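Chain by chain, the residues run as shown.
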Amino acid sequence: MQPVLSPLLPLRAALLFFSCANSGGQHPACALRFRVLAFASLSLWPLCGLHASPEAREGLLDLSQASLSSMVRLNGAWEFHWRLFLPPGEPSLADRAFIPVPGAWTGHTIARMTLPAQGYATYRLRIRFPADIEKIAFRVPIMGTSYRLYFDRELIALNGTPAQTQEETVPDFRPLVTSAVAVPPSREALLTLHIANFHDRSGGPWFAPAVGTESAARSEREQILARDLLLFGAL
């Protein structure tokens, strides 16, 4: 299964982006309009299709006893490295912190520093999978405001161009469903999320990614398409 991008949401986001750019980005409605777009897009995904799950603690989420027949949110405390793109698979650093997902990093205090909206960071989460699951896929919502997502060392999702400067960073706002990936024999894998934000008042994973079986991912794909048809009619 190839990654499924929402085909109509980028058009709406682009229209809002350029309308705000033409006003110099100073109009108070600009940031609000982006958040309304994000909230509306994601809230229309059927919430009944998302199972309650254990929450991550100190960068570890144990789903070994969970059902992945529907998408499961990856909520909880992710490992966090500010102003660093830690390569996927690299050992954790001694000064790592933990930060809640979903939620912006803006305003959090890490090592006595209150984090600003603009910047870049690495989020990491180790996941334990059920013994009977061979392949899984991820639903990745829009984030603030560009990212790369790795499953162990494999790049599985990309939105925009996350970088260390505003000049190099390109924002993008497209939810997607990844291709299916094989669960390692160890039944554990490491998610590495590189995020950069220089274009919004709030940086970080506004909404939590979710994981499920191939079948759950196919269902998610259909929900994305149906949702966008509805939202496009309301634009």
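Anyway, here's the lowdown on the structure attached to this text. (Residues numbered from 1 in each chain as written. Predicted model: local features only at pLDDT ≥ 70, side-chain atom pairs only at ≥ 80, totals over all residues. Heavy atoms only, no water.)

Attention now goes to the overall build of the chain. Looking only at helices and strands, the chain features three helices and 16 strands. Evaluated residue by residue, the chain yields a buried proportion of 50% over its 235 residues. Taking as baseline every contact in the chain between residues at least 6 positions apart, the subset at least 24 positions apart corresponds to 75%. (Helix = DSSP H or I, 4+ residues; strand = E, 2+ residues; numbered from the N terminus. Buried < 20%, exposed > 50% of the residue type's maximum accessible area, 1.4 Å probe, protein only. Contact = heavy atoms within 4.5 Å.)

What follows concerns the pairing of strand 15 (residues 188-197). Side-chain direction in a regular strand flips from residue to residue, so the side chains alternate between the two faces of the sheet. Burial analysis of strand 15 places nine of its ten residues in the buried class, the great majority of the element. Across ten bridges, strand 9 (residues 119-128) lies against strand 15 in antiparallel orientation. Opposite arginine 126, over in strand 15, you have leucine 190 as the bridge partner. The sheet contact formed by strand 11 (residues 146-151) and strand 15 spans six bridges and is antiparallel. Each residue of the ladder has a partner; that of leucine 149, found in strand 15, is leucine 193. (Pairing = 2+ DSSP bridges.)

A word on the side chain of aspartate 200. Checked against the element boundaries, aspartate 200 lands in the loop between strand 15 and strand 16 (210-213). Here serine 202 takes part through its backbone nitrogen, which lies 2.9 Å from a polar atom of the side chain of aspartate 200. (Polar contact = N/O pair within 3.5 Å; in protein donor to acceptor, adjacent residues only side chain to side chain.)

Our focus in this paragraph is unusual backbone geometry. The omega torsion across valine 101 and proline 102 is 5°, close enough to zero to call that bond cis. Among the structural elements, proline 102 can be located in the loop between strand 6 (97-101) and strand 7 (109-110). A cis amide bond links glycine 144 to the next residue, threonine 145, at an omega of 0°. By the secondary structure assignment, threonine 145 is in the loop between strand 10 (135-140) and strand 11. Although it is not a glycine, arginine 83 sits at a positive phi angle of roughly 50°. Within the secondary structure, arginine 83 sits in the loop between strand 5 (76-82) and strand 6. Under the relative-accessibility criterion, arginine 83 is labelled partly exposed at 45%. Even without a glycine there, the phi angle at arginine 112 is positive, about 65°.

So, about the packing of aromatic side chains. Enumeration according to the criterion identifies six aromatic pairs in this entry. Between the aromatic rings of phenylalanine 129 and phenylalanine 151, the centroid separation amounts to 6.3 Å while the plane-to-plane angle is 50°, which identifies the pairing as tilted. In this pair, phenylalanine 129 is assigned in the loop between strand 9 and strand 10 and phenylalanine 151 in strand 11, connecting sequence segments 22 residues apart. Classification of phenylalanine 129 by relative accessible area gives buried; the value is 2%. (Phe/Tyr/Trp six-rings, centres within 6.5 Å; stacked < 30°, edge-to-face > 60°.)

Applying the stated criterion across every chain yields a total of six salt bridges. Of the charged contacts, one joins aspartate 62 and arginine 128 as a salt bridge, the two residues approaching to 3.9 Å between their closest N and O atoms. Pair noted here: aspartate 62 is in strand 3 (residues 60-62) and arginine 128 is in strand 9, with a separation of 66 residues, a long-range link. Residue classification places arginine 128 among the partly exposed positions, given a relative accessible area of 34%. A salt bridge links arginine 128 to glutamate 188; the shortest N-O distance between them is 2.8 Å. With arginine 128 in strand 9 and glutamate 188 in strand 15, this residue pair connects regions lying 60 residues apart in the sequence. A single salt-bridge network, built from bridges that share partners, covers Asp62, Arg126, Arg128 and Glu188. (Salt bridge = Lys/Arg side-chain N within 4 Å of Asp/Glu carboxyl O.)

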